Each structure stands twice: as C-alpha cells, then as structure tokens.
Amino acid sequence: MTAPSTPLIVDIVDDDPDVLGSLRFLLEAEGFEVRTFANGADCLDRQPGQVPDCFVIDYKMAPMNGLDLVRQLRASGQLAPIVLITGFPDETIPARALLDGVRHVLRKPHMDESLVTHVRAAMAESRGERPSQLR
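Student: What should I look at first to understand helix 5 (residues 112-126) in this one?
Tutor: Helical periodicity: at 3.6 residues per turn, an α-helix aligns residues three or four positions apart in one direction. The terminal C-alpha atoms of helix 5 lie 22 Å apart, and with 15 residues this matches the ideal 21 Å at 1.5 Å per residue to within 8%. Residues of helix 5 that are buried: S114, L115, V116, T117, H118, V119, A121, A122, M123 and A124. In this structure, the buried residues of helix 5 make contact with strand 1 (9-13), helix 1 (17-29), strand 3 (54-58), strand 4 (82-86) and strand 5 (104-107).

Student: How do you make sense of the pattern of salt bridges when you look at a structure like this?
Tutor: Opposite charge on two side chains permits them to pair, given that their charged atoms come into close proximity. Following the criterion strictly, the structure yields eleven salt bridges and no others. Close ionic contact of R46 with D11 constitutes a salt bridge, the shortest N to O distance being 3.4 Å. Taken together, the residues R46 in the loop between helix 2 (40-44) and strand 3 and D11 in strand 1 connect sequence positions 35 residues apart. One exposure class covers both R46 and D11, and it is buried. Ionic contacts of the salt-bridge type, sharing partners, join the residues D11, R35 and R46 into one network.

Student: Any chance you could explain the nonpolar core here in plain terms?
Tutor: V10, L27, V56, L115 and V119 are the most contacted members of the largest nonpolar core, which has 19 residues in total. Within the residue set of this core, elements represented by two or more residues are strand 1, helix 1, strand 3, strand 4 and helix 5. Element by element, the count of residues in this core is highest for helix 5, at five residues. Apart from the residues within four sequence positions on either side, V119 is in contact with V10, L27, F32, C54, V56 and V83. Within the second largest apolar cluster, 18 residues are counted, among which are V13, C43, V70 and A80.

Conventions and cut-offs
Residues numbered from 1 in each chain as written. Predicted model: local features only at pLDDT ≥ 70, side-chain atom pairs only at ≥ 80, totals over all residues. Heavy atoms only, no water. Helix = DSSP H or I, 4+ residues; strand = E, 2+ residues; numbered from the N terminus. Expected span 1.5 Å × (residues − 1). Buried < 20%, exposed > 50% of the residue type's maximum accessible area, 1.4 Å probe, protein only. Contact = heavy atoms within 4.5 Å. Salt bridge = Lys/Arg side-chain N within 4 Å of Asp/Glu carboxyl O. Core = buried A, V, L, I, M, F, W, Y, C linked by side-chain atoms within 4.5 Å.

Below you can see the structure in the form of structure tokens.
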C-alpha cells in the first residue's frame, strides 16, 4: 500500500478577508492545502520551514504592495512560484511583475476559473516542466 500524497501548499496574501475566504475555498476544493495571510508582514513572519509550493499575492495592499512582498520573499531565499492577483487598473503591473520574475498575473474579480490553472502552471514551470495549455 502506498502512502497518501501530501497536498501541495499554497499561501494566499490579500488584505480583503472575503477574497481570502473565497480563494481558500476554491483552492481547497481542488485539493491544495491553503494558508492565508492578511498582509505581507504576516506572510514574512510565518513559521520558518513552512515553505509553500506556490504563493498567490494581491498587488494592492498596505503598507507593502504585492511586488514589494515578492522582492522581500526572493531576497529571503523563497523560490516558490508566485501568481499575482490585482483589481488595480494599472496596465503596467504585468510588465513590472515580470521584471520581478512573476509570469502569472490575474485580474480580479473574474479570475476564479483560471486561478487554479495558473497556480498549477506556475508550479509546473518552477519544476522545469511544460505546463498544460492555460485556459
């Protein structure tokens, strides 16, 4: 008999409790273990050794925005892939995210259908695999 596989861990960082709850529900329904954080500082202060398989980070948060958090995560040695989500109407966000190594940027509020696809693709890319076609 084989041991059950460990679920992949996704850390979600968003300052909107409703979004955190919705994304948690969506990803847990897909079999992920989900941890939520209300801001970047909480995410950075999580228990050492609790490394996620992927981050889902909101762009517009205070006091540090999502790209500031991305830079701090990378500076601390976190290599897990990141999916950036945003409802902020700034067309430069995807390009700036790409400069910080974030290839997956999704627009709120109509992202639920594609979030799981992008999380899986980001994880596959980080493992050097070719992700299946994105929807």
